[in-house]
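The chain contents come next:
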Amino acid sequence: MIKTIKTTPYDDQKMGTGGLRKKTKVMMQENYFENFIQSIFNTIGDLSGKVFVVGGDGRYYNDKAIQQFIKMAAANNVAKLIIGQNGLLSTPASSNILLKNKTDGGFVFSASHNPGGLNGDFGIKYANETGGQIPTSISDKIYENSKKISEYKIYDAPDIDLSKLGKSKLGNMEIEVIDSVKDYVEMMENIFDFEALKKLFRNGFTMKFDAFNAVTGPYAIKIFEEILGAKKGSVINSNPLPDFGGKHPDPNMTYATELLAIMNSDSAPDFGAANDGDGDRNMILGKKFFVSPSDSLAILTDYYQLIPAYKNGIYGVAKSCPTSTAVSRVAKAHNLPYYEVPTGWKYFVNLMDSKRITLCGEESFGTGSSHIREKDGIWAVLFWLSIIAKTGMSVEQITRDHWKKYGRSYYLRFDFEGLDTKVADKLMADLEEKLSSLNGKTFGSYQVDKAYPFIYNDPVDKSSTKNGLIVDFIGGSRIVYRLSGTGSSGATLRVYLENYDKEKIDNNPRQMLETLLSVAMEIAEITSRTGKKEADVVT
Ligand code: G16
C-alpha cells in the first residue's frame, strides 16, 4: 500500500561539493532523509520508466536509508532499482553500473572520507544519467523544492532482503540485487594489462592497501589478492563496518596512520595505498615515501601510453584550480589540451562527455579518467602498479625522475577547521575585495604578480562558476584560498600553497613553504579573524 506522509521542510538541505553531507544524527531526524529524497524525485518529475542504481559505503544508517529509499522509489513510480548486494557499492562502481546499463541516475549513500557512525557523518551523492554528480543548476532546484516540501510518498511494506542476488518486485517496481564487485573488476581488466600486473606479484612485489573498514575492502581483496596474486593480508581493514572500526577513512598523511606506520618502517612493502570511505579517493606511497596527489596526476599523465586503454592517445587532461600546476607542464610536453576547473568532480564531466579530456585529478586525493564519471581510487592504484610493472622503477624513483624532468611543485594544503561560518564567509568576502590592491605588492621575497578570483566558464554548457581566490607570485609560487564544500558543520578554510622550483628538487616541502605560509596567513588575516595560529590539518 502506498502511503502519503505529511511533512514539514528543513531549510538546510543544500548540496555541497560532494552531495548532501550532514551529521548522522541530523540525517536521522524525523522525515529528514525522506524529505530530501522526495525533493529529488519531485525535481526529476515523471519517474515512470526510470531506472536508478543504488548503493552505499556501508556506514551507519546505510541499511535503514536504503530500505526507505526503495519504498519511496516504488511509491513514486520508479520502474527499476539496481542495488549492490548488502547495499554496498563504491562510488566508482556505481558510476560504472549506471553508465553500463544506461540508467537514469544513481544514488550512493556515503559521506565519503568523513567519519561514520552515530556520531559521525552521513551523506547522499546523486548522479544523473551522465554518470557524474548533478550540476549546480539541478541541485539548486532540489534545494528550492526541499524548502517547500509538504508530503512524501512511501510504500508500506516489509524490508527487502538485499543479501540475495536476483530480481524481485515491490508494487510495480523491479528490484535487481547485483554483485557489487563483478562489473567493476571487468572494467579494470579492460583498462589495464592484468597479465603484467600478475607477473609483478609473481616476482615478489609486495604491497599494503588500507580500505579503512569501508567499501573498498571487497573490491581490493578480489583484485589485488585473488586475481593479481598479492600476498594474503596485503589488504588491511578490509571488512566494511558501520563505524569503519572507529577509523577516519580519509586517505592522507593525517588519518592513514596505520598504513603510514607500515610504510615508514624498515620492513615496509614496495608499495602502499589507501582509498576513502566510498572508494573514489586514493593515496599512493612508496617505502618511506609519499606522492602528493598533484604529482600523482602529473605522473599518470606522463605515462599514459603504458596503459592499454590509453595507448592510442588521450583527448586531454584537466585539474581542479587548487591542484598544483605540475600536470600543466606534462600536458605541454605531450602537446595535450589542458583545462583548469573549479573544485568538484562534476566539473570534469562535461569535458569528458565532449571528448575534451580523458584524464583528470584533484589535490584532494582524487584521480580518474573518462572510463566513468567519478574519481576512482582502485583505478589510480592499478595505474601506479602498471607504471611500476612496465618501468621496473620504484614509487620513489618514478617520482624523483619526474621532478628531474619537469621541476618540482612543492605543495601542501593547510586546513583551518571548525570556523564560525559567518567569520569564514566574511574573511573570504573581505579578501576578495582587497585582491586587486595586492597586485605588485611585496611580502619578503615574494612579489605578487596577480591576485584574482578563480572564475570558470564551462566551454560546454556555458555556465560560469566562481570558486576560490588566487594569489600568483612572480617566479611561479601561488596561494589559493577557498572554503570547503564537504563539511557537515561549521566552515573549513583551505589554504593551498605551491612553490615551483626547477632546480632544487630534494628539499622538505614544509620548509620550502614555511615563508609562503606566513604570507598566506598575513594576507587573509587568518589569526586575527579566526583565532587560529596554525592549521588543524596539513595534507
Ligand atoms: C568531493 C568532490 C571532489 C572535491 C571534494 C572537495 O569529494 O567529489 O571532487 O575535490 O569534494 O572537497 P572540499 O570542498 O571539502 O575541498 P568527495 O570525495 O568528498 O566526494
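Residues numbered from 1 in each chain as written. Predicted model: local features only at pLDDT ≥ 70, side-chain atom pairs only at ≥ 80, totals over all residues. Heavy atoms only, no water.

A.B. asks: What is the right way to read the pairing of strand 21 (residues 446-457) from this model?
C.D. replies: The pairing of strand 20 (residues 442-443) with strand 21 spans two bridges and is classified as antiparallel. Within the sheet, the bridge partner assigned to Thr442 lies in strand 21 and is Gln447. Linking strand 20 back to strand 21 in an antiparallel pair, the connection comprises two residues, with Gly444 at a positive phi of about 55 degrees. Alignment of strand 21 against strand 22 (residues 464-473), held across eight bridges, turns out to be antiparallel. Bridge assignment links Pro453 to a residue of strand 22, and that residue is Leu469. (Pairing = 2+ DSSP bridges. Helix = DSSP H or I, 4+ residues; strand = E, 2+ residues; numbered from the N terminus.)

A.B. asks: Explain empty space enclosed by the protein to me, please; I cannot follow it from the model alone.
C.D. replies: Unoccupied space between atoms shows up once a probe the size of one water molecule is rolled over them. Counted by the stated rule, this structure contains five cavities of 30 Å³ or more. In this structure, the largest cavity spans a volume of roughly 240 Å³. Every residue lining the largest cavity is counted, 24 residues in all, and those nearest its centre are Thr17, Arg281, Ser364, Lys375 and Thr486. Along the lines of polarity and charge, the residues of the lining of the largest cavity split into two nonpolar, 10 polar and 12 charged. (1 Å grid on protein atoms, 1.4 Å probe; cavity = no way out; pocket = protein on both sides within 12 Å on 5 of 7 lines; lining within 4 Å. Points joined across faces, edges and corners; volume = space filled by probe spheres on them. Nonpolar A, V, L, I, M, F, W, Y, C, P; charged D, E, K, R; others polar.)

A.B. asks: What's the story with the pairing of strand 16 (residues 338-341) in this structure? I'm lost.
C.D. replies: Every other side chain in a regular strand lies on the same face of the sheet, so the side chains alternate between the two faces. Pairing geometry for strand 15 (residues 317-320) and strand 16, over four bridges, is parallel. Its bridge partner lying in strand 16, Ser320 is registered against Val341. Handedness of the β-α-β unit built from strand 15, helix 11 (residues 326-333) and strand 16 comes out right-handed. (Right-handed = clockwise from strand over helix to strand, strands pointing away.)

A.B. asks: Before we go on, may I ask you to explain the site of the ligand in this structure?
C.D. replies: Around the ligand, a shell composed of 19 residues is seen, among which Trp345, Ser484, Gly485, Thr486 and Arg494 lie nearest. Trp345 places a polar main-chain atom, nitrogen or oxygen, 2.7 Å from an oxygen atom of the ligand. Protein contacts shield 100% of the accessible area of the ligand, which totals 470 Å² for the unbound molecule. For the ligand, the cavity whose grid points lie within 2 Å of the majority of its atoms is the largest cavity. Across the shell around the ligand, the residue classes tally to one nonpolar, nine polar and nine charged. (Near = heavy atom within 4 Å. Polar contact = N/O pair within 3.5 Å; in protein donor to acceptor, adjacent residues only side chain to side chain. Areas by Shrake-Rupley, 256 points an atom, 1.4 Å probe, with all protein chains shown as cover. Sits in = over half its atoms within 2 Å of the grid points.)

A.B. asks: Quick question: what am I supposed to make of the sheet that holds strand 23 (residues 478-483) here?
C.D. replies: In spatial order, the strands read 20-21-22-23-24-19-25; together these seven strands make up an open sheet with antiparallel pairing. Of all strands in the sheet, those bounded by a partner on one side alone are strand 20 and strand 25 (537-538). Where strand 22 meets strand 23, four bridges bridge the pair, whose relative direction is antiparallel. Bridge pairing in strand 23 links Leu469 to Tyr481.

A.B. asks: Just checking my understanding: could you explain the nonpolar core for this structure?
C.D. replies: One broad trend across soluble globular proteins is that nonpolar side chains are buried collectively. Formed by 70 residues in total, the largest nonpolar core has its most connected members in Phe224, Phe271, Trp379, Leu382 and Leu385. Beyond its immediate chain neighbours, meaning those up to four positions away, Trp379 contacts Tyr184, Met188, Ile191, Phe192, Leu300, Tyr310, Leu359, Thr367, Gly368, Ser369 and His371. The next biggest cluster of nonpolar side chains, apart from the first, holds 41 residues, and it includes Ile37, Ile66, Leu170 and Ile175. (Core = buried A, V, L, I, M, F, W, Y, C linked by side-chain atoms within 4.5 Å. Buried < 20%, exposed > 50% of the residue type's maximum accessible area, 1.4 Å probe, protein only. Contact = heavy atoms within 4.5 Å.)

A.B. asks: How should I be thinking about the pattern of salt bridges in this particular structure?
C.D. replies: Opposite charge on two side chains makes pairing possible when the charged atoms of those side chains draw close. On inspection of all chains with the given rule, the structure shows 42 salt bridges. A salt bridge links Arg413 to Glu363; the nearest nitrogen and oxygen atoms lie 3.0 Å apart. Residue Arg413 is found in strand 19 (residues 408-419), and its partner Glu363 is found in the loop between strand 17 (359-362) and strand 18 (366-369); the two are separated by 50 residues along the sequence. Of the residues examined, Glu363 reaches a relative accessible area of 4% and is grouped as buried. (Salt bridge = Lys/Arg side-chain N within 4 Å of Asp/Glu carboxyl O.)

A.B. asks: Is there a simple way to think about helix 15 (residues 421-438) in this case?
C.D. replies: Taking 1.5 Å per residue, 18 residues should reach 26 Å; helix 15 reaches 25 Å between its end C-alpha atoms and fits that length. Maximal helix bending in helix 15 amounts to about 35 degrees, located at Glu432. Of all the positions in helix 15, only Ala424, Leu427, Met428, Leu431, Leu435 and Leu438 are classed as buried. Its side-chain oxygen 3.0 Å from the backbone nitrogen of Lys422, Asp420 forms the N-cap of helix 15. Positioned one or two residues after helix 15, Gly440 has a phi angle of 85 degrees, which is positive. (Expected span 1.5 Å × (residues − 1). Bend = angle between axes of the 7 residues up to and from the residue.)

A.B. asks: Please explain the packing of aromatic side chains as it appears in this structure.
C.D. replies: Geometry of an aromatic ring pair is reported as the spacing of the ring centres plus the angle between the planes. According to the stated counting rule, one finds 23 aromatic pairs in the structure shown. With 6.5 Å between their ring centres and 25 degrees between their planes, Phe41 and Phe52 make a pair best called stacked. In this pair, Phe41 sits in helix 2 (residues 32-44) while Phe52 sits in strand 3 (residues 51-56), placing the two residues 11 residues apart along the sequence. Residues Phe41 and Phe52 agree in their burial class; the two are buried. Geometrically, the ring pair formed by Phe52 and Phe107 is edge-to-face, given 5.6 Å between the ring centres and 80 degrees between the ring planes. (Phe/Tyr/Trp six-rings, centres within 6.5 Å; stacked < 30°, edge-to-face > 60°.)

A.B. asks: Sorry, what's going on with the packing of helix 4 (residues 91-100) against helix 6 (residues 182-191) here?
C.D. replies: Axis angle and axis distance: for two packed helices, these are the angle between their axes and the distance between the axes, and together they describe the pair. As a packed pair, helix 4 and helix 6 sit with axes 9 Å apart at the nearest point and diverge in direction by 85 degrees. Considering their axes alone, helix 4 and helix 6 lie roughly perpendicular with respect to each other. Contacts between helix 4 and helix 6 involve Pro92, Ala93, Asn96, Ile97 and Lys100 on the former and, on the latter, Asp183, Tyr184, Glu186 and Met187. Here the residues of the contact of helix 4 with helix 6 sort into five nonpolar, one polar and three charged. (Axes fitted to C-alpha atoms, helices over the stretch in contact; angles between N-to-C directions. Parallel < 35°, antiparallel > 145°, perpendicular 65-115°, else oblique.)

A.B. asks: I'm lost on the side chain of Asn252 in this one. Help?
C.D. replies: Tracing the sequence through the fold places Asn252 in the loop between strand 11 (235-236) and helix 9 (257-263). By relative accessible area, which is 4% here, Asn252 ends up buried. A polar side-chain atom of Asn252 sits 2.9 Å from the main-chain amide nitrogen of Thr254. In this structure, Asn252 is in contact with Leu260, Met283, Phe365 and Thr539, ignoring residues within four places of it in sequence.

A.B. asks: Hey, could you run me through the side chain of Ser139 in this one?
C.D. replies: As for its position among the elements, Ser139 is in helix 5 (residues 136-146). On the basis of relative accessible area, Ser139 is assigned to the buried category, the value being 8%. With near-sequence residues (within four places) excluded, Ser139 lies in contact with Met15 and Ile134.

What is shown is where atoms sit, not what they do.
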